[in-house]
Each structure stands twice: as structure tokens, then as C-alpha cells.
Amino acid sequence: MKKQKVIVIGAGLSGSLLAIYLAKKNIACEIYEARGDMRKEATAAGRSINLALSDRGIAALREIGMDEYMLSEAVPMHGRMIHAIDGATKLLPYSGRPGEYINSVSRAGLNIALINEAEKYEGVKFHFNRRCADFDFKTNEVSLANAQTGEAEKVVAETVIATDGAGSAVRNAMLHGGVPRFDFSQKWLAHGYKELHIPPGANGEFRLEKNALHIWARRSFMMIALPNFDGSFTCTLFLAHEGENSFGRLLDENALLEFFETNFADAIPLMPTLVEDFFANPTGNLGTIKCYPWNAGGKALLLGDSAHALVPFYGQGMNASFEDCRILNR
Ligand SMILES: Cc1cc2nc3c(=O)[nH]c(=O)nc-3n(C[C@H](O)[C@H](O)[C@H](O)COP(=O)(O)OP(=O)(O)OC[C@H]3O[C@@H](n4cnc5c(N)ncnc54)[C@H](O)[C@@H]3O)c2cc1C
């Protein structure tokens, strides 16, 4: 049997997991990633960013033998800790049954562990600093931009699997002529998000309940905080881009502190770098992408966010992306 070779675009969460699944089936793969090797470069914010890993995602990690390793570095979250405006807290358990909870994991830690595991297999090769610009459905050529040399490169694939996230270049090629009658919709929310930080206490202790996903729900906006293994929490503020109570109104330190004092007063003492973090960290956009079909005649396939990006409130984007890989493997 001819040994099949697959080109994977994007070494994020689903691309790295997919490489392991392919290697286990003895399918050689080359993975082209736009960014540098995250094992050698500081992460964007320099601080840990986490995700809720649930049963769907764990099922895939179990199949590749990495569930125990990842869960040993995760913080279980048994419920939502609701922070009322007066500072009162209430835990709403995720389940009445023991053993049913979600887990807070480090995005970078998980991604790095998957890349390291994938690299153990012969036939798996990661190429960093290579951004896919286009895929030609007639010639099977992938056009890449090499960020180190500035040069354009081309590689030919039998099959391309796109795990290049919400802005997928391969999906764009499907949309712009690669696939006839390709359905595509992109819907932005009026809200964006910003990551903030609660450091651990002086002795490395958690300064909020460790085993919970904290939520400061304020009707049209909210802040959440997920625990990290080192005792810190990563907070995410979800807020409209424009209008009353919006990022557009929080343009200086006074406006920011007044907004926090009114809405998240109990969190302020826990956030010594609130002002620096708020003005240094980018404001992200949130949206939903739907498209169809996800494959183009065996030449190209979309997986993960490239096929179905969704807003983070469900905590399902990564989990669904891992499930994509698990079902493809099956
Ligand atoms: C604020 C926020 C919180 C979230 N919380 C959760 C959560 O709690 N639980 C959960 O399950 N999901 C969560 N998600 C969703 C989750 O992050 C995504 O669903 C998941 O990262 C999708 O994985 P992916 O591998 O498909 O894409 P990505 O993780 O986006 O990876 C894509 C990779 O492709 C690379 N790339 C992009 N373009 C190119 C190109 N042209 N050429 C080459 N490489 C390219 C990127 O650099 C990246 O490495 C959250 C998302 C956000 C924004």
C-alpha cells in the first residue's frame, strides 16, 4: 500500500492532536504553523491562559493516552461560583453526581504537550513560521509565506487538513472558487473580550475558591475567572465594544477603576495589575462561523475552528475540535 502523506495547516490545539492520531495510523504528516515554536518563544500575554476541558475533549486525550497526564496538571472546577454585586458568593454545582465536573487547563501547556507527543513519532514533522496563504484545488499546491526568510514557498499535498482556526486560509480558498456553492457565514457579537489576571497569594495560595469557575454576571456584561495550576486565575472580561458599559468608554484609568468599583468591587483587591493589564492586553473579537461542506473531494478537509468557530460561553470550541479529530480517526 502506498504510504499516504497528509499536510496539516496549523499546529494549534486540534492540529497537534490530529498529528498524533495520524501518526498512530502510520500516516506521515507535515504540519505548517504560522507562528514560531511556542516551546521556544514567550506566549503572547506572557501569562497563562486557560480553557475548560470537558468530557468530550478528555475522550480524545484518553484515546491517545494523554488524559491522565493532562488531568494531573488541570484544576477541577466542580461548579460556577457566582459573585453578586454586593460581594456575596454562591456555588452552583455543574452536576449532582460525583465525578462530573470540568477542568481548567493551560492552553499553552496543552498545546506544547501535544506537539511534544506528536514529535515522538517518526513521520511527523512540524514547520514553524510558515503561514499558509492559499491552496490550489487544481494543482494541490499549498502556498506558504516563510516568516523567517520572507520568501514564498510551495508544497504539494495529497490531502490537506486545515486546523488553522477561525481565520482559516484553506477555508478561504474553498470559498473563493475551490468548492462550488460553498456555504459560509460569519456573525460577530457586539461584545469583545479582554484577559486580566489574579496572581496567587504570598505563599502561592489561591485567593478565590480553587475548584470553581468564577462568574461576575452583570446582565449585559460579565467577568469570569478560571484557576491555574500555579495558584493564579485568568480572568476574562466580556463587554460590548461600544455604547454604555463598553470597552469604548473605558479609555483611561479613572473610567476603568470607576467601572470596576461599581461592578466588580470584590475583585479589585485581588487584581494588583488591573490597570496595566487592561491597557496592555488586546481586546479580542467574538463570533460564530458556519460553513459547508467541510471537505473538498478528499483533497482538503476543515477541522476545529476552521470548520465551526463559536463563542466561548459554551466552553466547547476546543472540546468540539478534539471530538472532530476523534471522529475522523474512527
Ligand atoms: C476567550 C476564549 C475562551 C475560550 N474558552 C474555551 C473553553 O473554555 N473551552 C473550549 O473548549 N474552548 C474554548 N475556546 C475556544 C477554543 O480556543 C477554540 O475552539 C480552539 O482553540 C480551536 O482549536 P483549533 O486548533 O481549531 O484552532 P486554534 O487553536 O485557533 O489554532 C489554529 C492554529 O493555526 C495557526 N494558523 C492560523 N492561520 C494559519 C495559517 N494561515 N497558516 C498556518 N497556520 C495558521 C494558528 O497560529 C494556530 O496555532 C475559547 C476561545 C476564546 C476566544
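In this text, all values refer to a predicted model and were calculated from it rather than measured experimentally.

K.L.:
Can you explain the sheet that holds strand 5 (residues 79–83)? Please cite residues and give values.
P.N.:
The mixed open sheet is built from 7 strands, whose spatial order is 6-5-14-15-16-13-17. Looking along the sheet, the strands with just one partner apiece sit at the ends: strand 6 (89–93) and strand 17 (284–292). Here the average twist between neighbouring strands, direction ignored, is 30°. Relative to strand 6, strand 5 runs antiparallel, the two sharing 5 bridges. Across the sheet, Met81 pairs through a bridge with Leu91, a residue of strand 6.

K.L.:
Residue-level account of empty space enclosed by the protein, with values.
P.N.:
A complete count under the given rule lists 1 cavity of 30 Å³ or more for this structure. In this structure, the largest cavity encloses a volume near 40 Å³. As for the largest cavity, its lining consists of Ala11, Glu33, Arg35, Gly36, Met38, Asn111, Ile115 and Phe128. Grouping the amino acids of the lining of the largest cavity by side-chain chemistry returns 4 nonpolar, 2 polar and 2 charged.

K.L.:
Account for the sheet that holds strand 8 (residues 124–127), with residues named and values stated.
P.N.:
Spatially, the 6 strands line up as an open sheet ordered 8-2-1-12-19-18, and their pairing is mixed. The outermost strands of the open sheet, each flanked by one partner alone, are strand 8 and strand 18 (295–296). Along the sheet face, helix 5 (residues 169–178) touches strand 1 (5–9), strand 12 (159–162), strand 18 and strand 19 (300–302) and points at about 115° away from the line of strand 19.

K.L.:
With reference to specific residues and values, describe the pairing of strand 9 (residues 130–136).
P.N.:
Within a regular strand, the side chains alternate between the two sheet faces. With 6 bridges joining them, strand 9 and strand 10 (residues 141–146) adopt antiparallel strand pairing. Residue Asp136 lies in a different strand from strand 10, and its bridge partner there is Glu141. Between strand 9 and strand 10, which pair antiparallel and follow one another directly, the connecting turn spans 4 residues, one of which, Asn140, has a positive phi of 65°.

K.L.:
Give a description of helix 9 (residues 317–329) that names residues and reports values.
P.N.:
Over its 13 residues, helix 9 runs 19 Å from end to end, which matches the ideal 18 Å to within 8%, given 1.5 Å per residue. With respect to burial, helix 9 is a largely interior element, 10 of its 13 residues being buried. Each element contacted by the buried residues of helix 9 is listed here: helix 1 (13–24), strand 3 (50–53), helix 2 (55–63), helix 4 (107–119) and helix 8 (305–308).

K.L.:
So what's going on with the packing of helix 1 against helix 4? Which residues, and what values?
P.N.:
Look at helix 1 against helix 4: their axes get within 8 Å of each other, and the N-to-C directions meet at 25°. In this view, helix 1 runs roughly parallel relative to helix 4, as classed from their interaxial angle. Here helix 1 runs over helix 4; the crossing is left-handed. Where helix 1 approaches helix 4, its residues Leu13, Ser16, Leu17, Ala19 and Ile20 are matched on the opposing element by Arg107, Leu110, Asn111, Leu114, Ile115, Glu117 and Ala118. Split into classes, the residues belonging to the contact of helix 1 with helix 4 amount to 8 nonpolar, 2 polar and 2 charged.

K.L.:
How would you summarise the packing of aromatic side chains if you had to cite specific residues and measurements?
P.N.:
The final tally for this structure, using the stated rule, is 13 aromatic pairs. Both rings, one in Phe221 and one in Phe264, keep their centres 6.1 Å apart while their planes meet at 90°; by these two values the pair is edge-to-face. On the criterion of sequence distance, the pair formed by Phe221 in strand 15 (residues 221–227) and Phe264 in the loop between helix 6 (253–263) and helix 7 (274–280) is long-range, its members being 43 residues apart. Like Phe221, the residue Phe264 is buried in the burial classification. Judged by centre distance (5.7 Å) and plane angle (75°), the ring pair of Tyr292 and Trp294 falls under edge-to-face. For Trp294, a relative accessible area of 39% gives the class partly exposed. Of the aromatic side chains, those joined through ring pairs into one cluster are Phe221, Phe259, Phe260 and Phe264.

K.L.:
Now, about the state of the cysteines: what can you tell me, with residues and values included?
P.N.:
Evaluation of the coordinates by the stated rule reveals 0 disulfides. Just so you know, Cys291 is unpaired, no disulfide at all, and the nearest cysteine sulfur is the one on Cys132, 15 Å from it.

Parameters at a glance
Residues numbered from 1 in each chain as written. Predicted model: local features only at pLDDT ≥ 70, side-chain atom pairs only at ≥ 80, totals over all residues. Heavy atoms only, no water. Pairing = 2+ DSSP bridges. Helix = DSSP H or I, 4+ residues; strand = E, 2+ residues; numbered from the N terminus. Axes fitted to C-alpha atoms, helices over the stretch in contact; angles between N-to-C directions. 1 Å grid on protein atoms, 1.4 Å probe; cavity = no way out; pocket = protein on both sides within 12 Å on 5 of 7 lines; lining within 4 Å. Points joined across faces, edges and corners; volume = space filled by probe spheres on them. Nonpolar A, V, L, I, M, F, W, Y, C, P; charged D, E, K, R; others polar. Contact = heavy atoms within 4.5 Å. Expected span 1.5 Å × (residues − 1). Buried < 20%, exposed > 50% of the residue type's maximum accessible area, 1.4 Å probe, protein only. Parallel < 35°, antiparallel > 145°, perpendicular 65-115°, else oblique. Left-handed = near helix turned anticlockwise from the far one by under 90°. Phe/Tyr/Trp six-rings, centres within 6.5 Å; stacked < 30°, edge-to-face > 60°. Disulfide = S-S within 2.5 Å.

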